[in-house]
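# Observations on the model geometry
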Amino acid sequence: MDLASHQDNILILDFGSQYTQLLARRVREANVYSSILPFNASITQIKRLRPKGLILSGGPSSSYHLGAPKASPKLFSLGIPILGICYGMQVIVQTKGGKVSGTTEREYGPATLKLDDTTDLFDQIGGKHTRTAVWMSHGDRIDRLPSGFTSIAHTANAPIAAMCDRTRRIFGLQFHPEVIHTPKGAQILRNFIYRVCGCSGTWNTTSWIDPMVATVRKQARSGRIICALSGGVDSTVAAALTHRAVGDRLTCVFVNNGLLRANEAQFVLHSLRTHLDLNLRYVDASQQFLRALKGVEDPERKRKIIGREFIRVFETEAKNINALSNESPVSYLVQGTLYPDVVESGATLGPSAVIKTHHNVGGLPARMKLKVIEPLRNLFKDEVRRLGTELGLPDAMIWRQPFPGPGLAIRIIGPVTRPSLKILREADTIVQEEVKPAGLGRKVWQAFAVLIPVRTVGIRGDKRSYEHVVAVRAVQSDDGMTADWVRLPHDLLGRIAHRITNEVKGVNRVVYDLSTKPPGTIEWE
Ligand code: XMP
C-alpha cells in the first residue's frame, strides 16, 4: 500500500543504524508520514513516493572503507532537502568531496553541543552559542567539509558536529536527534520536516482510514477474502478495517494452533463475537501444528514451520468456504502484519541484520495460492491502537498484551511437547492472574512465562527434586522495538515464584529476566 504518495512524507534511507525505525517513528510523531527504504533504493522507487525530504540514517560502517554503503550522487539532483545523520552525514561529506577519517577521540554517549548557527535546523533551541545535550555514537569525524558547506555546531571532540549547505538544502548531524537522550532532538527533526522541507502535518488517525479502506478495496476488487484473526490487536484492527472496505465478502478465520495460552481460544471467540459483527470460523488445528513442530529446536525453523502450517490451514479453509457457496471464490488472505515485522524481517532494510523472521512475513511459503493483503504493514503498534479506537473497537481489545503468532512455541526453549506446553500454560496463567490485578495497567507491555528446559536440583518434601526452570518476563515498551524490564514489586515477584513452584508440577525454580531490548529481545526465541 502506498500511503506515502497520498500525502507529504519524508523518506528515510537505511544505512544500517539500529535507530532507523526510531527515526521513522519520530517523524510520524511530528504528524508527517515516513517510510524506510534501503540506502541503495533506485531513484525511480524514491520518486514514486514523492518525498518532501530525505533522511540518510546512521550506520555501523566507515564511509572511507572499501565496500561501505554509498549514497547515490543522483540523490543530490532530486531537488529535495536531505538530512544526513551520523554515518548519513559522513556519507554526504564523502560523496560531495569532503574528508572523513577515523579518530582516536571517539564519542559514544552524551556530549554537549554548542550551536554556531540557529537559522533553520536549530531554530527554537536557543540562541547562538547555546549549549544543549546530544547523544553521540561515532568513531569517525569530518576533517574537511565539501565546498558549499559550513559548520553550524560543534562539540569538544567534534569541531564539525552539524553542517549545512543552505543553497542546496543539504544538512548533516553527527549526533542522533531521534533518541530520547537528545532532549531537543524532536524539535531539530521538526525544524527539518517543517521549516526546511515545508511539510504540512497531515498524518493523523482520521487521515489514515479513508486511504487505507480505499487501498484494500482496490487490492481486493472482486472475490472473497479471508482474514487470519488471532484476537490480538493487529489482526482485529486489520479485520475491522477490511470489513469496512469489503463488507460481507470477508470471512475471518481464528485458528487454534495448539500454542495458545490457557483458555485463550474461548476468550478470543467470545470477545470477537460480542464486539464485532463478522463472519467468523473457528478451526482447531492443534494436532497439525504440534505434529509439524515435533523435535524442532531451532527458533527460526519453528517460525517457518508455523508460518507454513498457518498457510495450509488458510488454504484448506478457503476451499471449505468455496465449497459452501457458489459465489466468487476466496482469492485473498488478510494479515495484521505491522511495520516493525516488515522491517525486522529485513524487507525494507539496508545493511542492518535480520533480527527474527516474524511468522507472517518471512515465514510465508513461496507457493502461496492466496494473494496476501496487509493493510497495517506501514503502521507502528501505537498507530494501530489509535486506528482501532477510531474504528470503534473497545479498549479491552485494543489494549490486550501482544501475543506472538508462533505463540508458546517461542517461549519453550527447544522442542515443543505436550508436557512442556502444559507446564508453560500453568506457569503463564499464574503470571497473568498475579500481574493483572497488581494495577500496573499499561505500564506492562507484556508479562509472561518462559520454560527453560534445563533441570536444576531442589528440595521438595524432604526429597531431592530435579526439575525445570521457569523464567518470568515483564517488559515495558512503546512499540516492541526497544524494551525495559518492569520493576515489579518484590512481594508480587515472590508470590508468582511461590505459586509457580508450588502449583506447577515439574518446576522447582523461578527466575526473573532483567534484560533490556537491545541487547536482548522481548521473546526468548
Ligand atoms: P521481540 O522478541 O522481537 O518481540 O523483541 C517484539 C514483539 O513482537 C512479538 N513477536 C512476534 N509476533 N510473530 C509475531 O506475530 C513472531 O514471530 C514474533 N516474535 C516476536 C513479541 O511478542 C513482542 O511483542
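Everything numeric in this text was worked out from a predicted model, so none of it was measured. Think of each chain on its own: its residues are numbered from 1, step by step along the sequence as written. Whole-chain, interface and lining totals are the exception, using all residues; otherwise, since this is a predicted model, local features are given only for residues with pLDDT of at least 70 and side-chain atom pairs are given and counted only at 80 or more. Note that water and hydrogens are dropped before the side-chain values are worked out from all heavy atoms of the structure.

## Quick notes on the pairing of strand β9 (residues 170-173)
Residue exposure (1.4 Å probe, protein chains only): buried if accessible area is under 20% of the type maximum, exposed if over 50%, otherwise partly exposed. Each helix is a run of DSSP H or I of at least 4 residues and each strand a run of E of at least 2, with the numbering of both proceeding from the N terminus. Neither face of β9 is open: one carries Ile170 and Gly172, the other Phe171 and Leu173, and all of them are buried. We call two strands paired when DSSP finds no fewer than two bridges between them. Summarising the sheet, strand β4 (residues 82-85) and β9 pair through four bridges and their orientation is parallel. What sits directly across from Ile82, in β9, is Ile170. In this structure, strand β8 (residues 162-165) lies alongside β9, joined through four bridges in antiparallel fashion. Along β9, the bridge assignment pairs Asp165 with Ile170. What sits between the antiparallel neighbours β8 and β9 is a turn of four residues, in which Arg169 has the positive phi angle 55°.

## Digging into the packing of aromatic side chains
Think of it this way: a Phe, Tyr or Trp ring, Trp meaning its six-membered ring, pairs with another when their centres are within 6.5 Å, and the plane angle makes it stacked under 30 degrees, edge-to-face over 60, tilted otherwise. As enumerated under the stated definition, the model contains 10 aromatic pairs in all. Taking the centre distance of 5.4 Å and the plane angle of 35° together, the rings of Phe15 and Phe39 count as tilted. Taken together, the positions of Phe15 in the loop between β1 (9-14) and α1 (20-29) and Phe39 in the loop between β2 (33-38) and α2 (43-49) put the pair 24 residues apart, joining distant regions of the chain. Per residue, the accessibility class of Phe15 equals that of Phe39, and both read buried. In this structure an aromatic cluster arises from ring pairing among Phe15, Phe39 and Tyr87. A ring has a charge above it when a Lys NZ or an Arg CZ is no more than 6 Å from the ring centre and no more than 35 degrees off the ring normal. One Lys or Arg, Arg411, reaches over the ring of Phe448 and ends 3.8 Å from the middle of that ring. Above the plane of the ring of Tyr466 lies Arg464, whose end atom (NZ or CZ) is 5.3 Å from the centre.

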